[in-house]
Amino acid sequence: MSDRSDRLSVFKTYKLYVGGKFPRSESGRVYEVTTRTSAAGAAGKGNWLANAPQASRKDARDAVVAARKAFGGWSGATAYNRGQVLYRVAEMLEGRREQFVREVADAEGLSKSKAAAVVDATVDRWVWYAGWTDKIAQVTGGANPVAGPFFNLSSPEPTGVVAVLAPQESSFLGLVSVLAPVIATGNTAVVIASERSPLPALSLAEVLATSDVPGGVVNVLSGRTAEIAAPLAAHQDVNAIDLAGADEALAKELEIAAADNLKRVLRPQPVDDTDWTAAPGTERLTAFLETKTVWHPTGSLGASGSSY
Amino acid sequence: MASAFEYAPAPESRSVVDIAPSYGLFVDGEFTDAADGKVFKTVSPSTEEVLSEVAQAGAADVDRAVKAARKAFEKWSALPGAERAKYLFRIARIIQERSRELAVLETLDNGKPIRETRDADLPLVAAHFFYYAGWADKLDHAGFGAAPRPLGVAGQVIPWNFPLLMLAWKIAPALATGNTVVLKPAETTPLSALFFADICRQAGLPRGVVNILPGYGDAGAALVAHPDVNKVAFTGSTAVGKEIARTVAGTGKKLTLELGGKGANIVFDDAPLDQAVEGIVTGIFFNQGQVCCAGSRLLVQESVHDEVLDALKRRLSTLRLGDPLDKNTDIGAINSAEQLARITALADRGEAEGAERWSPACELPGSGYWFAPTLFTGVTQAHTIARDEIFGPVLSVLTFRTPDEAVAKANNTQYGLSAGIWTEKGSRILAVASKLRAGVIWSNTFNKFDPTSPFGGYKESGFGREGGRHGLEAYLDV
């Protein structure tokens, strides 16, 4: 930070983000996070960056409680309001650009210029999703021309609390690419950050806390993905799970657990080969939506020969 | 209630349908025996008469059918959409031509009244094929990208409550999108699916595009687990749905599930009560209550509880239970002895847990499987009959005071398939509809279906939608 070589810098204690607060893990555990020298990852070669909290099953359950509590307000907010709130997040991200460039460079072993490009793409991605909040219903819903005197309308609704296993390799752009669509559509989220590179996610939580996103809408956990994901996949009050950050064996195990309450499951495509800079399409927006169809009689003006 | 005038019997003739003494599996365009030669009998639930003997599919047959479907997939998926459309239009037309025959057949094999098969099931079956026929050459415009591709072989398992309609919901969108199918009808109602196989032959559908495997749960399980099946679609119980979700975990098979329900039918004090009573009756006594989206929990605002119950009891006393082939019959037979036992046990449990049971004076036929329309009052949310899906003509009545309480009670269930709202106040309809966690909301009506209208549940009622543009997604790689 400072050019003055005689000044000792201030370290940050990274914390979890649950229900709008920044707790340490209830387990009291931390794990070492180090710099990455290349994206392919040469474990053990990095420099120490921080001791990240290693969230426990209890932290995961607390996060679900917070996400459930926040769901009514967030899903009930107008789509316009949600768009405003998300756009505000992008503003805050832009303001912390330098911090994220440094963190992404460390996390993914990128040069500063490459990290800057990733951060720019991330902010742009967030803005893109902010613009979707009040359009997705028009694109995926609509009037159904039923063969009878009924007004019949289908509209998408958020499915509820979504557990998100963030991609392991793309610690920031990948994270935002899976998180933003979940909350843009009115769901609330419990996110497990990239296990090896959790710091950009934990800093994103600080951005969320200082923007207008209500507490509990996004909850961020760091630690061992498999350990935290298991109770989330089995949790009866989680409605859906995005397995982006799970390898094949873990994904299968979690998908089996998810069947217990018929969670919606977004399977891990080969996520870590994904080019997160490519245009994402609407799949991740629609993955966590339900379609509600409402019928009402219209009377039968047309059928009775009425004319105007 | 004694009636001053008795209705004369008005039976539909069963001579329009010719049921063979035995049927095979329909695999690769041919009717064949099961590999192990097993057969089972299908009976008419209203008389217990054996209608026919049907080949019973096993794992070897599933494998053979999947291979046939795989082989057919190459050509079928490569056909121009307009050509696939014409096959589906042909099927739709033949269904219309043979609808009387199929309605009688369905009534015989399922036990539901001819009035329902004739006026609800069959018109909807034809309409589904017409609707999806029109999509086959318009998939580029369906909102799933410029060139959405079919998935491959669809393994489909359907229930016995709407045998032919559930077949239509599954097969029409699968074929329109270029998939080929292996479908297992329920063991108690295999006949209309086998008649449909014959319709496929009349329509000249290429061999192997549709394969029908009558059989039991083991055949369904083998189909779902078959490694060369790309898409699984199931309609049935939530317990089996969970088992299927576990089976396909990690396989990458696309899965849609239409499962159980415990629909709330909410009547506010400003509702048009006569219409509401009709809607309550339709909601729970349509198809003997054997409907996953049935309005099986009646939530009545306390101030109109007595009035609604009096009117409802009067209305129930006019329902006619008996021969399903009689055109005046409202309530037909329960589909099987097993299902009757389940309904009976749950109703008895309702009584044992302290709810008050009522049925109209009603004579049940001596043979067949019958259950009188039944109301339970004084039901609380803790009662088993307010929580478990009964899948029979049993209505649990609960009360509420405020709209918020109605919503809280309606949503207090593991299920989320359907709900009804009865009120004259438009803003209340919209407010309550937006708060209900269910896939289909009927306001001032109930149990309406249409091929253009997506149907499916929230929560443990399953995932995915059938019907409408949304229904295409289940069969496309999107």
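Quick notes on the rules
Residues numbered from 1 in each chain as written. Chains lettered and ligands numbered in written order. Predicted model: local features only at pLDDT ≥ 70, side-chain atom pairs only at ≥ 80, totals over all residues. Heavy atoms only, no water. Axes fitted to C-alpha atoms, helices over the stretch in contact; angles between N-to-C directions. Helix = DSSP H or I, 4+ residues; strand = E, 2+ residues; numbered from the N terminus. Parallel < 35°, antiparallel > 145°, perpendicular 65-115°, else oblique. Left-handed = near helix turned anticlockwise from the far one by under 90°. Contact = heavy atoms within 4.5 Å. Nonpolar A, V, L, I, M, F, W, Y, C, P; charged D, E, K, R; others polar. Pairing = 2+ DSSP bridges. Buried area = accessible area lost by both parts, 1.4 Å probe. Salt bridge = Lys/Arg side-chain N within 4 Å of Asp/Glu carboxyl O. Polar contact = N/O pair within 3.5 Å; in protein donor to acceptor, adjacent residues only side chain to side chain. Buried < 20%, exposed > 50% of the residue type's maximum accessible area, 1.4 Å probe, protein only. pLDDT = per-residue confidence, 0-100. Expected span 1.5 Å × (residues − 1). Phe/Tyr/Trp six-rings, centres within 6.5 Å; stacked < 30°, edge-to-face > 60°. Lys NZ or Arg CZ within 6 Å of the ring centre and 35° of its normal.

## Describing the packing of helix 2 (residues 81–97) of chain B against helix 4 (residues 114–135) of chain B
All names here are of chain B.
Link 1 in the chain: Closest axis-to-axis distance for the helix 2/helix 4 pair is 8 Å, and the angle between their directions is 165 degrees. Relative to helix 4, the element helix 2 is oriented roughly antiparallel. As helix 2 packs across helix 4, the resulting crossing turns out to be left-handed. Residue-level inspection shows Ala-85, Leu-88, Phe-89, Ile-91, Ala-92, Arg-93, Ile-95 and Gln-96 of helix 2 in contact with helix 4, the latter providing Leu-122, Val-125, Ala-126, Phe-129, Phe-130, Tyr-132, Ala-133 and Gly-134.
Link 2 in the chain: Considered class by class, the residues forming the contact of helix 2 with helix 4 number 13 nonpolar, two polar and one charged.

## What about the sheet that holds strand 4 (residues 39–43) of chain B?
All names here are of chain B.
Link 1 in the chain: A sheet is described by the order of its strands in space; here three strands give the open sequence 1-5-4, paired in mixed fashion. Lying at the two open borders of the sheet, with one neighbouring strand each, are strand 1 (22–23) and strand 4.
Link 2 in the chain: Bridge analysis of strand 1 against strand 5 (residues 50–55) gives two bridges, and the strand direction is parallel. In the sheet register, Ser-22 faces strand 5, and the bridge partner there is Glu-53.
Link 3 in the chain: Set on the sheet, helix 6 (residues 191–202) makes contact with strand 1, strand 4 and strand 5; between it and strand 5 the angle comes to about 65 degrees.

## Remarks on the interface of chain A and chain B
Link 1 in the chain: Of the residues lining the interface, 34 residues belong to chain A; the matching set on chain B comes to 43 residues.
Link 2 in the chain: The largest per-residue losses of area from chain A upon contact with chain B belong to Leu-262, Lys-292 and Trp-295 of chain A, which jointly make up 23% of the total buried on that side.
Link 3 in the chain: Our count for the contact surface shared by chain A and chain B stands at two salt bridges.
Link 4 in the chain: Between Arg-246 of chain B and Asp-260 of chain A there is a salt bridge, with the nearest N and O atoms lying 2.7 Å from each other.
Link 5 in the chain: Where chain A packs against chain B, one counts 26 residue pairs in polar contact (both at pLDDT 80 or more).
Link 6 in the chain: Put simply, the parts of the chain that give the side of chain A that touches chain B at least two residues each are helix 5 (136–140), strand 4 (150–158), helix 9 (248–258) and strand 10 (289–297) of chain A.

## A closer look at the pattern of salt bridges
Pairs can form between side chains of opposite charge once their charged atoms are near each other.
Link 1 in the chain: Counted by the stated rule, this structure contains 46 salt bridges over all chains.
Link 2 in the chain: We note a salt bridge from Asp-134 of chain A to Lys-135 of chain A, for which the minimum N-O separation is 2.8 Å.
Link 3 in the chain: Asp-134 of chain A gets classed as partly exposed once you look at its relative accessible area, which sits at 34%.
Link 4 in the chain: The salt bridge involving Asp-348 of chain B is made with Arg-357 of chain B; its shortest N-O contact spans 3.2 Å.
Link 5 in the chain: Taking relative accessible area as the criterion, Asp-348 of chain B reaches 39% and is therefore assigned partly exposed.
Link 6 in the chain: Owing to a relative accessible area of 29%, Arg-357 of chain B belongs among the partly exposed residues under this scheme.
Link 7 in the chain: Salt bridges here are not isolated pairs; linked through shared partners, they connect Lys-12, Arg-96 and Glu-206 of chain A.

## Regarding the confidence of the model for chain A
Residues and elements named next belong to chain A.
Link 1 in the chain: Averaged over every residue, the pLDDT of chain A is 93; residues scoring 70 or more account for 93%.
Link 2 in the chain: Note on residues 39–44: pLDDT under 50 across the span, and seven contacts to partners over four residues away in sequence or across chains.
Link 3 in the chain: Between residues 303–308, whose pLDDT stays under 50, and residues either more than four places distant or in other chains, the model counts two contacts.

## What about the side chain of Thr-293 of chain A?
Link 1 in the chain: In this structure, Thr-293 of chain A sits in strand 10.
Link 2 in the chain: Thr-293 of chain A gets classed as buried once you look at its relative accessible area, which sits at 0%.
Link 3 in the chain: A distance of 2.7 Å separates the side chain of Thr-293 of chain A from the side chain of Ser-154 of chain A, its partner in a polar contact.
Link 4 in the chain: Ignoring anything within four residues of it in the chain, the contact list for Thr-293 of chain A reads Asn-144, Asn-152, Leu-153 and Ser-154 of chain A together with Gly-439, Val-440, Ile-441, Ser-453 and Pro-454 of chain B.

## Quick notes on helix 5 (residues 163–176) of chain B
Link 1 in the chain: The end-to-end C-alpha distance of helix 5 of chain B, which contains 14 residues, comes to 20 Å, matching closely the 20 Å that a straight helix rising 1.5 Å per residue would cover.
Link 2 in the chain: In the stretch just after helix 5 of chain B, Gly-178 of chain B is the one whose phi turns positive, near 100 degrees.

## Quick notes on the packing of aromatic side chains
Link 1 in the chain: Counted according to the given criterion, the structure contains 22 aromatic pairs over all chains.
Link 2 in the chain: With a centroid separation of 4.5 Å and an interplanar angle of 10 degrees, the aromatic rings of Phe-100 of chain A and Phe-172 of chain A are classed as stacked. Remark: Phe-172 of chain A occurs in the loop between strand 5 (161–165) and helix 6 (173–184) and Phe-100 of chain A occurs in helix 3 (residues 97–108); sequence separation between them is 72 residues.
Link 3 in the chain: Of the residues examined, Phe-100 of chain A reaches a relative accessible area of 0% and is grouped as buried.
Link 4 in the chain: The exposure class of Phe-172 of chain A is buried, given its relative accessible area of 0%.
Link 5 in the chain: Aromatic pair Trp-169 of chain B and Phe-449 of chain B: ring centres 6.3 Å apart, planes at 55 degrees, arrangement tilted. Taken together, the residues span a long stretch of sequence, with Trp-169 of chain B in helix 5 and Phe-449 of chain B in the loop between strand 18 (440–443) and helix 15 (470–473) at a distance of 280 residues. Phe-449 of chain B matches Trp-169 of chain B in its accessibility class, with the two residues each being buried.
Link 6 in the chain: Over the ring of Tyr-475 of chain B we find Lys-231 of chain B, and its NZ or CZ is 4.8 Å from the ring centre.
Link 7 in the chain: The positively charged end of Arg-428 of chain B is found above the aromatic ring belonging to Phe-268 of chain B, 5.0 Å away from the centroid.

## As for the sheet that holds strand 7 (residues 218–221) of chain A
All names here are of chain A.
Link 1 in the chain: Strand order in the open sheet formed by five strands is 7-6-5-8-9, and the pairing between neighbours is parallel. In the strand order of this sheet, the two ends are held by strand 7 and strand 9 (264–266), each with one partner. Each strand axis lies, on average, 15 degrees off the axis of its neighbour in the sheet, ignoring direction.
Link 2 in the chain: Across three bridges, strand 8 (residues 240–242) lies against strand 9 in parallel orientation. Pairing of Ala-240 across the sheet is with Arg-264, part of strand 9.

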